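# Observations on the three-dimensional arrangement
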Amino acid sequence: MITMLMSVELILNSVNINFIAFNKYLFADKLDGIFFTIFIIVIAAAEAAVAIAIIINLYRSHNSIDVDETNEMKY
Amino acid sequence: MSFTLIIFYILSAAILGCGLLAVTSAKIFRAAVYLLFSLIGIAGLFFLLENDFIAAVQIVVYVGGIVVLIIFSIFLTHRSGEQMPMPSKKRERIGFIAALAGFALAHGLIYNETFIPTHQPKIEQSVANIGSQMLDTNHFGFVLPFEVVSMLLLAAMIGAIVIAMKVKPKE
Amino acid sequence: MLDGKFISLIVLLPLFSFLILGLFGRKFFKTFSGIVGTTSIFASAIIGFITAYQYFFVIGQTNGVYKQIIALKYTWLQFSPNVSIDMGIILDPISVMMIVVVTFISLMVHIYSLGYMKGEERFSVYYSFLSLFTFSMLGLVLACNIFQIYMFWELVGVSSFLLIGFYYDKPSAVAASKKAFIVTRFADLGFLIGILILSFNAHTLDFQTLIQRLTDPNSEYLHRIVSASFLGASALTWGLVLVFMGGAGKSSMFPLHIWLPDAMEGPTPVSALIHAATMVVAGVYLVARLFPIYALSCPAALHVVAYVGIFSSMFAAIIACTQTDIKRVLAYSTMSQIGFMMFALGVSSYGGENGLGYMASMFHLFTHAMFKALLFLGAGAVIHYVHSNEMKDMGGLRKLMPITHLTFLVACLAIAGIPPFAGFFSKEEILAAAFASNPVIFYLAIATAGLTAFYMFRLYFSIFWNKAFHSHSEHHGEGTGTMLLPLIILGICSIGVGFIPFGNFVTSDGNTLHTEFHPTFSIAPVLIALGGILLAMVFYKKENERPNRVASSIKGIYTITFHKFYFDEIYLFITKKVIFNLIGRPAAWFDRNIVDGFMNLIATITQGISTLIKGFQSGRVQNYAIYFFGGIIGFAILFIYIWR
């Protein structure tokens, strides 16, 4: 489960790089890319915090962080 | 072949290689450390793009905050020296195909597009400019998202505490 | 005065009585239900007599010829501009005569049942079934459309089924009612096919139009139906023979006769009404109704009718000589007399002097209803007294049941054909008609008449003379007034109706037919009948050994006859071994495995698909993530590349 969180952080970072690059090379007169990046970083941080809290809670009931074992909501 | 290009290639190789290792590694602590290196590489890329502010924010928030948080949670929930269960072959194949599909989509979009840089005068990406534009109440100001995001952070903080709280049994 | 709505009350009053007694009888009426039923039939009978008086004496004749009057016609189902099923009331000599017969006999049976069925728990149910039967029979005789007659035909069959199986806790009664219904239903299959053949070729279902189209020598319908042939006989012959098959089933002619003796399991008044006087003559009535087509266009079918009639007549008379259950003797006697009516129609032709057989058959129907009902009701009184159906438990009852004895004697004399009782006149006419057209049938008919006298008086002497009566239990006297009154009325009728000049009223074409009384001709049958009576007297008046000696000397024939020529066993064998095994079992296998299997296959496929789809909700986050991602890629491609 924690690996999933790390993958999500990588995805968000890739988007950040894209924004900054486009901002510098295509739209040098505006700062919008930077603002987007800042907000994405903020939100990623908030989401990581809540995700960790959930992982800890799940660990307490299942005693494992393997996501395959948390499949109670199935048919 | 300018020096920046070489630096770019080295940084990209580092980012991609460490990222790949982070998601496929068998031991979880090593994965966290590979993530750390990948994020530092991305900060280096930001430095290369002459954007010191964002690079600094990246290192402070991501590396110094989130990765540390992840390492805390690893220690809290897992014996870090053990082997993690690896995904099945079928799962790996599906993941690989999904990644390939995403790559093909992005590649198709970028390669077929002609990018025209603007001819307006360049604005300096300094911290003072960023700050004044963010708190600007004009048409291009970002003060509203700024306030909303601060509310979000508050909510996330309280939410994290509530979710992870251990309920004390009533005596 | 012959207003259609007024006449329809004849049919509708018993229907209302059935509904009221059927729905509310048990709760509200109980013993009062007998009065309700009897009153409604009495009202119906009064209206019937008024109608008959109006038709025969006031209105019906135009220029001395009785015409068919359509009193009421109402289109029920319209298939095409030409073909429709109508509900209506037709008044012509035979239908008005049948109204009189049905309502009168039904009234007698209702009054009689007040006494006979007293104390029965399902008293109101019984009266509601009787009303249903009367309604159906009246609808049958007044039908103006061949499909309407078929509908009421089936209704009569249902009423018969309900009444035969009235004592439903007796397995023999249940079996008998099933047998009656199944045999008549099988005959009705032939009837329906015959209806379809006739109406398809004549493009109509209405009786008047049908008869007119199939008897007019110039009509194209007749040419078409006669020229279309199948296995050597024309379509018209097939149609008429099949219609007769339906009539033969209902009238219990050979070989569809097996249900009538078993139908005696029902209560005796039911046997009097249904299986003596009214339902079993429905077949005769049907042939009479279609008589112009039979006589004018297809004499071959008429020959079939005649031979079936005389054969059934002889067959039944022979079996009746050996039976010991008194109701069964009367059942075979009914079959024999209906055979007389059938062959009288069979030897007749249409119009004027040649239509003597027709008139004789209808006359015999009328008189037979009277004395056969009387015989059954009398037998019912005897059974009520003795508590048994077998002849060996009876004997010497003439002093103990005087009125029953007298009326039973009158009826036996009538059926034997002794003047001046009613049966003599009608039988004489039948024999005259047979003599005029077919000598073979005439001689067989005279022989049957002799046998009739013999077995009827065997019955009479065995019940009322023979030996002294040993009573087994307390007796309550002869029977209540309600049981004796119908006997007396019917007794008077059995003497009186012979003198009605029937030729003035009911003939094949409506013209008056004058019949003369030929003493020289009538002497022979009367003498043979007297001979039969004498033989019966010798054998049965006092208890002696002569019957047993004769029986043992013709032992083989006697046994076969006693077992009714083993026909029941043959039918049972055919049904069980052939039909059930060869047809029933494969059909059941097919139904169970292939039809049900197909349904189960559909269900299994649906279940399989649902199990496949169920897998989407696996509970695993990564599967959900893949589906989500796949959707996003799909949407992206859709919006970016395809829908620019």
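Since the model is a prediction, treat every value here as computed from it, not as a measurement.

What counts as what
Residues numbered from 1 in each chain as written. Chains lettered and ligands numbered in written order. Predicted model: local features only at pLDDT ≥ 70, side-chain atom pairs only at ≥ 80, totals over all residues. Helix = DSSP H or I, 4+ residues; strand = E, 2+ residues; numbered from the N terminus. Rg over C-alpha atoms; globule rule 2.2 N^0.38 Å. Buried ≥ 20, exposed ≤ 12 C-beta atoms within 10 Å, placed from the backbone. Contact = placed C-beta atoms within 7 Å. Nonpolar A, V, L, I, M, F, W, Y, C, P; charged D, E, K, R; others polar. Axes fitted to C-alpha atoms, helices over the stretch in contact; angles between N-to-C directions. Parallel < 35°, antiparallel > 145°, perpendicular 65-115°, else oblique. Pairing = 2+ DSSP bridges.

## Some thoughts on the overall build of chain A
Regarding its fold elements, chain A presents two helices and zero strands. Relative to the 2.2 N^0.38 estimate, which gives 11 Å for 75 residues, the radius of gyration of chain A is 17 Å and therefore markedly larger than a compact globule would have. For chain A, the spread of C-alpha atoms along the three principal axes comes to 55 × 20 × 20 Å. Put simply, chain A has 75 residues, and 31% of those count as buried. Pairs at least 24 apart in sequence give 47% of the contacts found in chain A among residues at least 6 apart.

## Some words on the overall build of chain C
The number of helices and strands found in chain C is 25 helices and six strands. By its C-alpha atoms, chain C is 115 × 70 × 55 Å across when sized along the principal axes. Across the 644 residues of chain C, 50% fall into the buried class. The long-range share in chain C, meaning contacts at least 24 apart out of those at least 6 apart in sequence, stands at 79%.

## So, the environment of F343 of chain C
Residue and element names in this part refer to chain C. Secondary-structure assignment places F343 in helix α15 (residues 326-346). Sequence separation between F343 and A301 is 42 residues; the distance between their C-alpha atoms is 12 Å. Contacts of F343, omitting those with residues within four sequence positions, involve A306, G309, I310, S313 and I441.

## Concerning the interface of chain C and chain A
At the interface, seven residues of chain C touch seven residues of chain A. Taken together, the residues of the side of chain C that touches chain A break down into one nonpolar, four polar and two charged.

## Digging into the packing of helix α5 (residues 146-164) of chain C against helix α6 (residues 171-202) of chain C
All names here are of chain C. With their axes 9 Å apart at the nearest point, α5 and α6 run at an angle of 175 degrees to one another. Relative to α6, the element α5 lies roughly antiparallel. Contacts from I146, F147, Y150, W153, E154, G157, S160, F161 and I164 in α5 reach A173, A176, S177, A180, F181, T184, R185, D188, F191, L192, I195 and S199 in α6. Considering only residue class, the contact of α5 with α6 consists of 13 nonpolar, five polar and three charged.

## Considerations on the pairing of strand β3 (residues 69-78) of chain C
Residue and element names in this part refer to chain C. With eight bridges joining them, β3 and strand β4 (residues 84-91) adopt antiparallel strand pairing. The partner of T75 across the bridge, within β4, is D86. From the end of β3 to the start of β4, which pair antiparallel, there are five residues.

## So, helix α11 (residues 268-277) of chain C
Three or four residues apart is the spacing at which side chains of an α-helix point the same way, because the helix has 3.6 residues per turn. Residue and element names in this part refer to chain C. Within α11, 10 of the 10 residues are buried, which leaves the element mostly enclosed by the surrounding structure. Inspection of α11 places T268, P269, V270, S271, A272, L273, I274, H275, A276 and A277 among the buried residues, and these make up the whole buried set. Looking at the buried positions of α11, the neighbouring elements they touch are α3 (93-116), α4 (123-141), α5, α10 (259-262), α15 and α16 (356-386).

## Some details on the interface of chain A and chain B
Taken residue by residue, the interface counts 40 residues in chain A and 51 residues in chain B. A breakdown of the residues in the side of chain A that touches chain B according to their chemical character gives 31 nonpolar, five polar and four charged.

## Here we look at the environment of A49 of chain A
Inspection of the secondary structure assignment puts A49 of chain A in helix α2 (residues 32-62). Between the C-alpha atoms of A49 of chain A and I17 of chain A, which are 32 residues apart in sequence, the distance is 22 Å. When neighbours within four sequence positions are excluded, A49 of chain A is seen to be in contact with L69, A156 and A160 of chain B.

## Observations regarding unusual backbone geometry
Residue P255 of chain C follows F254 of chain C across a cis peptide bond; omega there is -5 degrees. Its place among the elements puts P255 of chain C in the loop between α9 (235-250) and α10. In this chain, P419 of chain C is followed by P420 of chain C through a cis amide linkage whose omega measures -5 degrees. Within the fold, P420 of chain C resides in the loop between α17 (402-416) and α18 (422-437). In this model, E50 of chain B sits at a positive phi of 60 degrees, which is unusual for a non-glycine residue. Tracing the backbone through its elements, the reader meets E50 of chain B in the loop between α2 (28-48) and α3 (52-77). A positive phi angle, close to 55 degrees, is found at S252 of chain C, a residue other than glycine. Secondary-structure assignment places S252 of chain C in the loop between α9 and α10.

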